[in-house]
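Close look at the chain arrangement
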Amino acid sequence: MNYLEEKIVQEGVIMPGNVLKVDGFLNHQVDIELMRFITQELQRRFEGVKVTKILTIEASGIAIATMLAHYLNVPFVYAKKGLTVNSTDDKYVSQAFSFTGKQQNLVYVSKPYISPDDHVLIVDDFLAESEATHALIDIIRQAGATLAGIGIAIEKGYQKGGRLLRDEGHRVESIAIIKEMDIKTQTFKFIRHHINGSIL
């Protein structure tokens, strides 16, 4: 069991509606030692892969993207949700349904921040139905850039997102893949380790 899996077992709370609450250490309050583990593990798994930019979506992926960008010494960009008064028309726009928020979100990245020369690594805190990830892939395609891979902290392996992405030929590296979680007993089962995006 790796460090992230241990934290999920010790501090994760399973909520009604198939929601895993990890805001005490990952996506509200951030455990820096855990974040260091996640990002160093992603750096190790994508060693040798050309990455010129990291892309995530606001807000929970920003902490992971920040520290991983530091280790890889590349810029990171985060897709913004909704269109604000100071957003320009010069942007890539896609749509993503939020599993936790139960709503459709417009997400966008200003065009100057991703170029056709970029090799983009997507990172995020969760992977469930892959709506957010597919929106980011769509933005990368609009930009004419190259998808270098997808790095995830927690993947809900019993939902379709990871399978869809892998079936499409994308390399997905998830630090913790949950096979099952039981709200009554507050217990978890994990899918054992995978190599180069393939589940064992």
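As a convention, each chain's residues are numbered from 1 in the sequence order in which they are written. Only residues with pLDDT of 70 or above have their local features reported here, since the model is predicted, and side-chain atom pairs are shown and tallied only from 80 upward, although totals for entire chains, interfaces and linings are computed over all residues. For side-chain calculations, the full set of non-hydrogen atoms in the structure is used, while hydrogens and water are omitted.

**Things to note about the packing of helix α1 (residues 3–11) against helix α2 (residues 32–45)**
Here is the rule: Axes here refer to lines fitted to C-alpha atoms; in helices the fit is confined to the stretch in contact. Angles between the N-to-C directions go from 0 to 180 degrees. Segments assigned H or I by DSSP are reported as helices when at least four residues long, segments assigned E as strands when at least two residues long, and all are numbered from the N terminus. We call two directions roughly parallel when the angle between them is under 35 degrees, roughly antiparallel when it is over 145, roughly perpendicular when it lies between 65 and 115, and oblique otherwise. Contacts: residue pairs with any heavy atoms within 4.5 Å of one another.
Packing of α1 against α2 leaves a shortest axis separation of 9 Å and a crossing angle of 140°. Overall, the two elements α1 and α2 adopt an arrangement that is oblique. Mapping the contact onto sequence places Tyr3, Leu4 and Lys7 in α1 and Glu33, Leu34, Phe37 and Ile38 in α2.

**Some words on the confidence of the model for the chain**
Inclusion rule: pLDDT is defined as a per-residue confidence score from the predictor, taking values between 0 and 100.
Counting all residues, the mean pLDDT for the chain is 92, and 91% of those residues have values of 70 or more. Mean pLDDT values for the elements of the chain range from 50 in strand β12 (residues 198–199) up to 98 in strand β8 (residues 146–156).

**So, the pattern of salt bridges**
Basically, it comes down to this: Within this document, salt bridges are pairs made up of a side-chain nitrogen of Lys or Arg and a carboxyl oxygen of Asp or Glu, the two lying within 4 Å of each other. Exposure is judged per residue with a 1.4 Å probe applied to protein chains only, and the accessible area is read against the type maximum: over 50% gives exposed, under 20% gives buried, and values in between give partly exposed.
Using the criterion set out here, one finds 12 salt bridges in the structure. The salt bridge partner of glutamate 173 is arginine 171, with a shortest N-O separation of 3.2 Å. On the accessibility criterion, glutamate 173 (1% relative accessible area) is buried. Of the residues examined, arginine 171 reaches a relative accessible area of 23% and is grouped as partly exposed. A salt bridge links lysine 189 to glutamate 180; the shortest N-O distance between them is 3.9 Å.

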